[in-house]
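# A closer look at the structure
Spelled out from the first residue to the last, the chains are:
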Amino acid sequence: MANFAFGLGVGTKSSAGELLEVYYNAPLLNADDAIVKAVAEKVGYEGGNVAIELAEPQLKDLEAAFLSVGAEEQAEIVEILEGTSQALVLCILESDEGPTTTAEAYLKLALLSHRLVQPHGINLTGIFGLLPNVAWTSEGAISLDDLPKRQLAARAQGRILSVNSIDKFPKMTDYVVPAGIRIGDASRVRLGAHVGEGTTVMHEGFINFNAGTMGVSMVEGRISAGVVVGNGSDLGGGCSTMGTLSGGNNVIISVGENCLLGANAGLGLPLGDRCTLEAGLYVTAGSKVTILDDQNNEVDTVKAAELAGKSDLLFRRNSQNGRIEVKTNKSAIELNEELHKHN
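Because the structure is a prediction, the values reported are computed rather than measured.

### Looking at the UniProt feature "binding site: Mg(2+)" (unreviewed entry) in the chain
In this numbering, the UniProt entry assigns the feature "binding site: Mg(2+)" (unreviewed entry) to E204. Tracing the backbone shows E204 in the loop between β11 (200-201) and β12 (206-207). Those residues within four positions of E204 in sequence are excluded, and the remaining contacts are R188, E220 and G221.

### Some words on the packing of helix α1 (residues 33-43) against helix α2 (residues 58-68)
Packing of α1 against α2 leaves a shortest axis separation of 9 Å and a crossing angle of 155 degrees. By the angle class used here, α1 and α2 are roughly antiparallel. The two elements α1 and α2 cross, and the hand of that crossing is right-handed. Facing I35, A38, V39, K42 and V43 of α1, the residues of α2 in contact are Q58, D61, L62, A65, F66 and S68. When the residues that make up the contact of α1 with α2 are grouped by side-chain class, the tally is 7 nonpolar, 2 polar and 2 charged.

### Describing the pairing of strand β6 (residues 134-137)
What you see with β6 is no split at all: V134 and W136 on one side and A135 and T137 on the other are buried throughout. Between β6 and strand β7 (residues 140-143), which pair antiparallel one after the other, the connecting turn spans 2 residues. Bridge count between β6 and strand β8 (residues 163-167): 4 bridges; the pairing is antiparallel. Residue pairing for β8: A135 is matched across the bridge by I166.

### Considerations on the sheet that holds β7
Spatial ordering of the open sheet is given by β7-β6-β8, a layout of 3 strands whose pairing is antiparallel. Taken across any chain shown, the strands that pair with only one partner, and hence form the sheet edges, are β7 and β8. With direction set aside, neighbouring strand axes in the sheet form an average angle of 30 degrees.

### Side note on the packing of aromatic side chains
Inspection of every chain in the model, using the stated rule, returns 6 aromatic pairs. Consider the rings of Y23 and Y175, whose centres lie 6.0 Å apart with planes at 55 degrees: the pair is tilted. Highlighted residues: Y23 in strand β2 (residues 19-24) and Y175 in the loop between β8 and β9 (182-183), separated in sequence by 152 residues. Following the ring pairs from residue to residue traces out a cluster consisting of Y23, Y106 and Y175.

### Quick notes on the domain arrangement of the chain
As far as domains go, the chain holds domain 1 (3-130), domain 2 (136-167) and domain 3 (172-340). Summarising the inter-unit geometry, the C-alpha centres of domain 2 and domain 3 are found 38 Å apart.

### Observations regarding unusual backbone geometry
The phi dihedral of N258 falls on the positive side, at around 55 degrees, and the residue is not glycine. By the element assignment, N258 lies in the loop between β19 (254-255) and β20 (260-261). The backbone phi angle of D312 is positive, close to 60 degrees, even though this residue is not glycine. Inspection of the secondary structure assignment puts D312 in the loop between β25 (298-303) and β26 (313-317). Owing to a relative accessible area of 24%, D312 belongs among the partly exposed residues under this scheme.

### Quick notes on the UniProt feature "active site" (unreviewed entry) in the chain
UniProt records the feature "active site" (unreviewed entry) for E220 in the present numbering. If near-sequence neighbours (up to four positions away) are discounted, E220 is found in contact with M202, E204, G205, L235, G236, G237 and G238.

### What to know about the pairing of β25
Where strand β24 (residues 288-292) meets β25, 5 bridges bridge the pair, whose relative direction is antiparallel. Looking at β25, one finds that L292 is bridged to E298. Joining the antiparallel neighbours β24 and β25 is a turn of 5 residues, in which N296 adopts a positive phi near 65 degrees.

Calculation rules
Residues numbered from 1 in each chain as written. Predicted model: local features only at pLDDT ≥ 70, side-chain atom pairs only at ≥ 80, totals over all residues. Heavy atoms only, no water. UniProt positions renumbered as here; feature names shortened; annotations may be inferred. Helix = DSSP H or I, 4+ residues; strand = E, 2+ residues; numbered from the N terminus. Contact = heavy atoms within 4.5 Å. Axes fitted to C-alpha atoms, helices over the stretch in contact; angles between N-to-C directions. Parallel < 35°, antiparallel > 145°, perpendicular 65-115°, else oblique. Left-handed = near helix turned anticlockwise from the far one by under 90°. Nonpolar A, V, L, I, M, F, W, Y, C, P; charged D, E, K, R; others polar. Buried < 20%, exposed > 50% of the residue type's maximum accessible area, 1.4 Å probe, protein only. Pairing = 2+ DSSP bridges. Phe/Tyr/Trp six-rings, centres within 6.5 Å; stacked < 30°, edge-to-face > 60°. Domains from an automatic or database assignment.

Below is the structure:
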C-alpha cells in the first residue's frame, strides 16, 4: 500500500465545528507499509489522500494496531491521547498532491519543520485557502467568531485571554522544536519553516514557511517564503530576501553556502557559494551591475540576473558614482564556532 506521509494528530475546532489547526507530534514520511496496512484495517482506509476524524473509542484499536507492527512511538502517542475531548485526526497521504483539507495542510507544514522534507520538496499548492485565519492565544487557537465570547468568559473568571497574533500560520515552536537550534523570538519563525541544525535566529530574525536554513547559519534578517539559505551563511541585521510571494515570481531566491548578506542588504536573485552583499545594498535580478577585474578595471555592465547562482562574488556600491559593482570575493566568511557549537 503506497504511502507518502502519515500522521496521527490532535486538533482544535471552532464552536461551529470548523477544524482550526492540527498538531502532529511525530509525523512519518514514507511510513512503513506494515504500519499503514495495520491502521487501514481499523479505520476502513482504502487508499488515496484522506483525513479521517476518529472517535475516542477507536484509539484502543489503533494502539493495538501500532504495537502489532512494532510502531511503539505511534502507540505511545495514542496512549497519551486516550480520554481527550479534542478533535482526533488520522491523516494518510498516498501521494504528494496539493493538500485539500486543513488537516492535510498542517501535516505538510509539520513535515517541513520536523526536517523530514526540505523547502520546495513538497507540494503546497492551494495551502492558503485551507488555513483559516485564527486568533493564536494563551489558550491556543480560537476562531475569530468565537473570540469575543472567549475573552468575556476569561474576564468573568478574573483572568485575561492574551491574543498573540491573528494569522493563518502559528509559530513553529508550538508544534516542534528541532534539535540544535536557538531562536531569540519564537513568534518570528512560522510553522513550515525548515531550521537547520546549528542555526541561530536572533530576535529580529524571521523565517517564513517553505523556507529556511540547511545547516549552521546566523539569521538576523528576513528569510521570506520559499528562500533557502545554505550551510555556513550569515544574514546580517535588517537584511531582506525577496520571496516568491513578494515579487520574485517563479524564480527561487536562494543563498549559497558561506555567504554574507550585510546589515540592511537586500537580495532578489539566487546567490552561489561564498558571495557577499555589502551592508545596505539591495540587488534585484534587474539591477545593472558593473563587473570589475582584479585591478578594479571595468570589464562589462550586465543585469544582475546574468550572475544568478555564480559563486565567489562580492557586490558593493561605489560611494563616488553610486553604481553597483561586482568582483571576485577572495575570502569566504566563517561563522563564530563558539557561538553555534552549544546549540
